[in-house]
Structure formats: structure tokens, C-alpha cells
Amino acid sequence: MSLIKKSQDISPPVLEENRRTPRDRAGLLSQLENDAPDIRRWAALDLVEFPDTAEVLCAQLAQETQTPVREALLTTLIKIGNPIVVNRLIPLLRSEDAALRNLVIEALQQLPEAVAPHMKEMLRDPDADYRIFSINVLDNLKHPQAPAWLQEVVEKDDNINVCAAAVEVLAEVGSAEVIPALSTLPERFDNDPFMEFCVQTAIRRIQGNGNRI
Amino acid sequence: MNSPAAPTISEEEFQKFRDFFYRKTGIYFEENKRYFVDKRLIERIKATDNETFRNYFVMLRFETSGKELQQLINLMTVNETYFFREEYQFTCLVKSVLADILPRKRCGEPIRIWSIPSSSGEEPYSLAIYLLEYWPQVNAYDIELIASDIDTEILKKARQGRYDQRSISHLPAHLLHKHFTTTANGAYQISDDLRNSIDFTQVNITDLNQMRIYRNFDVVFCRNLLIYFDDTSRRIAAEALFNALRPGGFICLGHSESMSRITPLFKIRKFPEAIIYQKPLR
């Protein structure tokens, strides 16, 4: 009883893995449709070895209701991270399911190079909500063009909520070049007090007062 | 010629940095940490040959590799380990968590506890000592303690179990006396009984294949590891930890870390001694 030790070596495994079913492509795709969420979840995780299944995984994500399975699908899709994944995830930003949308935003944020070719089109979409979700992607996208895309929103978009979302992100990622565009923004919305507040806050943040070394 | 002016961080810049750093790490700096934060930020601004905070922040924000963010996290966090660090979690283990786990144990089934990253061993040995000293039922159950790290050199040090004064400074004197001997050069050598009670293994938590063998743990201590990962690696590690736990198993993170910010896979359990995360039973 009490503390027991099994092995004497650093490297060998503590336990032998025991898989109940083969993990081949066809078998995993079949398990992705299984009624048991745990089996679907493991299939989703193991399909990372088969990047050509990205389309199926995205389709499953769109219809999956169980959180652990969704999370596994998303982890695998981020790891695959190819253009097919991004092409299939972007339309899911139109989903009525807020949890799914948030997952998609999180995934797209982690795939900056694959997302970049789509961003201009996303920001010009007729649906204002969709444009806001696209700005949410930019909120944590490591791409050098992000400030320029947001500046274009501030200069051209005619929806106050879309512009406010862009201003909020620019407060973090913007530089002095965007200040003129920000300064004229309240006028475009009849000097709306909310927009004025957003813009002033953003400009203060962007300007800072850091000395040069 | 005058030497260049020392850089400063304005209030607005501090707030901008604070928001960004919080989002990336879950660590929030109050105003009274201004000096601490400014000093380290300025150090990194200089080290990266940036002229201003603004330039440095752009680099930090958009750097694809995330290396500078890692450097900064290293500087901003107390990156040290010692015996009984964040002791309230060990107290929670022996007073609350094990009592929650035991009803689900079949007769003769061991309790499995995992320390990752084990670093030089202070955490897993602390767990062993805590269980032996403060859990009244310790002799009624088999307990498997597994300690893992990605670094084989640090694992060798952990297995050796030899520590300096700083490592043992938070240990009560009677426990130090009971479980350690002093070596000729003034180091503290942990007892062979304790050294032989822990399995040390090498693993990369983000490697799905390596992680397949780590299963059926009742409790995982994974403290101050996830904050060093980028978003993708953090998500992969969270999945791996979920896989490693039994249903109903618990995970303890560092005090500044939040699993809820990474994944909804775990639920929060509030015990009198600590708030920790649990894999749902179903």
C-alpha cells in the first residue's frame, strides 16, 4: 500500500496503449458518424493524420452538437490548417449558433496566412454582422496587414457597429497612420457620442507617450 | 554628446500592454506592478533593438513565431520551483479532492497522480511528502505518482533528488529533517524511499502519439506550463490533459492560469482550499 512505483527507467511508457479499433482513414471516417460522442471525439482527434479529410471534418463541425467533439474537431482542423479548412470554416461565420461562430473565429485567428487572401472580401460582405465577426478574427490575427484592413473599414464602412468594432481593435494594433482616419469617423456618424468616445480612447492608446531610446 | 534618453512607458501604453498580456496569458498586472512591468518591458525593448514601446509592441503583437512573447512571459513570471510551492493546492488534494475521487474507485484500484512538467522534481516530491504526512488514508490505498518533463537533463536531476537551500526554504523543519539528509557540500538529498516512489518519464505534451500512453489519471498537476504555449499548442495540450484524466478526474493549474480561457472541456470545482478543474463524469 501507499506510494508505489512501476518502472525504473525514464523513457519507457508507463502503460501500454490499448486501442479497441483500427485507426485507418476509412474506419475513422465511419467512427465520425458514430452515435457515441466519445468515439466521434477520438475519430476527430486521430483524423489529424489524414489532412485530406478536412472537408468532412468541417462538415461534421457544422452539425456537431457535443462540446468535447466540437473542440476535438477544431483542434484537428487548426493542426491541418490548409486552405481547404479556411475555405470551409469561413462560411460558418454566418451560423446562427454563437458557440460555433466563436470556435470558427478562434480557429481562423490561428491560421493567419491561410485567412489573409479572404479578408478583404470578408470585410466587404453585405451582412454587417458577418463583417463584425470578420473584425473579431482580426482581433487576434498575427498578420502585418491587419491594421491596413481595419483602416479601410474605418474609412469606408457605413455601419456604426462595424466601425466601432474596428476602432476597438485598432486601439491595440493601430499606429499613428490611422489617426487621421479615426479622427474623421465621428463626423461620418453625426458625431455620435459613443463613436466619439471610442475614437478618443483609441487615439489616446495609439499615441501613448513613450520616449525614444 | 548626450547619451540617448532612457525609454519610458506611458500610462496608455501600459494599459495597452496590460490588456494584450492578459488576453495572451491570463496574467493581469495591477497599477502597483507598474515598476515591475515597465522595467522588464524596457529591458526587452532595448534587447530587441527597438526604439520605442510602439515599435516593440507591433513586433510583439504580430511576430508569427511568438518567440518574443515567450521571452517576455519568462521575464514577467516567477519562473522558479521549490518544495510546497502553492501549497494550498496540495492541501486541497488531501482535504477535498481525494475524498471526491475515492467513491469512484474500485477495490484495489490505485490512485494515479501526474505531475507535468515535473522540472527538477520539487513538485512531485512535494506531492509524495504531502500525501504521506497529511492524508490519513495514505496507507489504505496504492498511489502511483508519475512525474514527466520534456527535458531529459532536468529529469536526471529530478531523479537524483539533490537540492539547494532555496528549493527547500518553504519546507517545515521537521519534514526537512525527516525526508532529507545534508551532503558534504551543504546540499539536501531527498531520501531513497521518496526517490523510489515516483516514476519519472520524458514526454512532449503536445505530441499526440507520445501522449497516448498517459491515461487514467485521477489528478494532474500541470502548473505554469500552459502560459508558455501559443494558442494552438495550448489547445492541443488541453485536449491531451483531458484525454489523460479519468472521467471526474481533476487538474490543478498555476494560480495565474485559467482553463476556462482555453477550452470549455472542463468544469470548475470550488473547494474550500482552492478552485480547480474537473473532467465531467459523463
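Note that the structure is predicted; figures quoted are calculated from it, not measured. (Residues numbered from 1 in each chain as written. Chains lettered and ligands numbered in written order. Predicted model: local features only at pLDDT ≥ 70, side-chain atom pairs only at ≥ 80, totals over all residues. Heavy atoms only, no water.)

**A short note on the side chain of Glu12(B)**
Inclusion rule: Numbering of helices and strands starts at the N terminus; helices are DSSP runs of H or I of at least 4 residues and strands are runs of E of at least 2. Only protein chains enter the accessibility calculation, which uses a 1.4 Å probe. A residue is then buried if its area is under 20% of the maximum for its type, exposed if over 50%, and partly exposed in between. Contacts: residue pairs with any heavy atoms within 4.5 Å of one another.
By the element assignment, Glu12(B) lies in helix H1 (residues 11-25). On the basis of relative accessibility, which here comes to 17%, the residue Glu12(B) falls in the buried class. Look past the residues within four positions of Glu12(B) in its chain and what remains in contact with it is Arg204(A), Arg205(A) and Gly208(A).

**What to know about the confidence of the model for chain A**
All names here are of chain A. Note the threshold: A residue's pLDDT is simply how confident the predictor is in it, with values from 0 to 100.
Confidence in the prediction for chain A averages 90 pLDDT; 89% of positions are at 70 or higher. No element of chain A has a lower mean pLDDT than strand E1 (residues 2-4), which averages 83, and none a higher one than helix H8 (residues 128-138), which averages 98. In the predicted structure, residues 8-17 sits below a pLDDT of 50 and forms 22 contacts with residues beyond four places in sequence or in another chain.

**Remarks on the domain arrangement of chain A**
Residue and element names in this part refer to chain A. Basically, it comes down to this: Residue ranges labeled as domains rest on an automatic or database domain assignment. Summed over both partners, the accessible area lost on bringing two parts together, with a 1.4 Å probe, is the buried area. When a carboxyl oxygen of Asp or Glu is within 4 Å of a side-chain nitrogen of Lys or Arg, the pair counts as a salt bridge. Pairing of N or O atoms within 3.5 Å defines a polar contact, subject to two protein rules: one partner must be a possible hydrogen donor and the other a possible acceptor, and residues neighboring in sequence count only if both atoms are side-chain atoms. Residues are grouped as follows: Ala, Val, Leu, Ile, Met, Phe, Trp, Tyr, Cys and Pro are nonpolar; Asp, Glu, Lys and Arg are charged; every other residue, Gly included, is polar.
Domain assignment breaks chain A into domain 1 (23-110) and domain 2 (115-207). Domain 1 and domain 2 are separated by 30 Å when their C-alpha centres are compared. Taking both partners together, domain 1 and domain 2 bury about 1,100 Å²; carbon and sulfur atoms supply 65% of that area. Remark: the boundary between domain 1 and domain 2 carries one salt bridge. With its nearest N and O atoms 2.5 Å apart, the salt bridge here joins Arg94 to Asp125. Viewed at the interface, domain 2 and domain 1 are joined by three residue pairs in polar contact (both at pLDDT 80 or more). At the level of elements, helix H5 (83-89) and helix H6 (98-109) are the ones that each hand at least two residues to the side of domain 1 that touches domain 2. Sorting elements by how many residues they give to the side of domain 1 that touches domain 2 places H6 first, with four residues. The residue inventory of the side of domain 1 that touches domain 2, partitioned by class, reads five nonpolar, two polar and two charged.

**Let's talk about the nonpolar core**
Across soluble globular proteins, you tend to see nonpolar side chains buried next to one another. We count it as follows: We call a set of buried residues a nonpolar core when its members are Ala, Val, Leu, Ile, Met, Phe, Trp, Tyr or Cys and they connect through side-chain atoms within 4.5 Å of each other.
Grouped together as the largest cluster of nonpolar side chains are 74 residues, with contacts concentrated most on Leu89(A), Leu108(A), Ile135(A), Val167(A) and Leu182(A). Here this core takes ten residues from helix H10 (residues 160-173) of chain A, the largest share from any one element. Looking at which domains feed residues into this core, each of domain 1 (23-110) and domain 2 (115-207) of chain A supplies at least three. If we skip the residues at most four places from it in the chain, Ile135(A) touches Leu123(A), Leu150(A), Val153(A), Val162(A), Ala165(A), Ala166(A) and Val169(A). Core analysis: the second largest hydrophobic core is formed by 44 residues, Leu131(B), Leu145(B), Leu175(B) and Val219(B) among them.

**Side note on the interface of chain A and chain B**
Tallying the contact residues gives 57 residues for chain A and 67 residues for chain B. The contact between chain A and chain B buries some 5,500 Å² in all, and 51% of this surface belongs to carbon and sulfur atoms. For the interface between chain A and chain B, the tally reads nine salt bridges. With its nearest N and O atoms 3.2 Å apart, the salt bridge here joins Arg204(A) to Glu12(B). Our enumeration of links across chain A and chain B arrives at 24 residue pairs in polar contact (both at pLDDT 80 or more). Of all the elements in the fold, those that place two or more residues in the side of chain A that touches chain B are E1, helix H2 (37-46), helix H4 (67-80), H6, helix H9 (146-156), H10 and helix H13 (193-207) of chain A. In terms of residue count, the dominant contributor to the side of chain A that touches chain B is H4(A) (eight residues). Across the side of chain A that touches chain B, the residue classes tally to 26 nonpolar, 14 polar and 17 charged.

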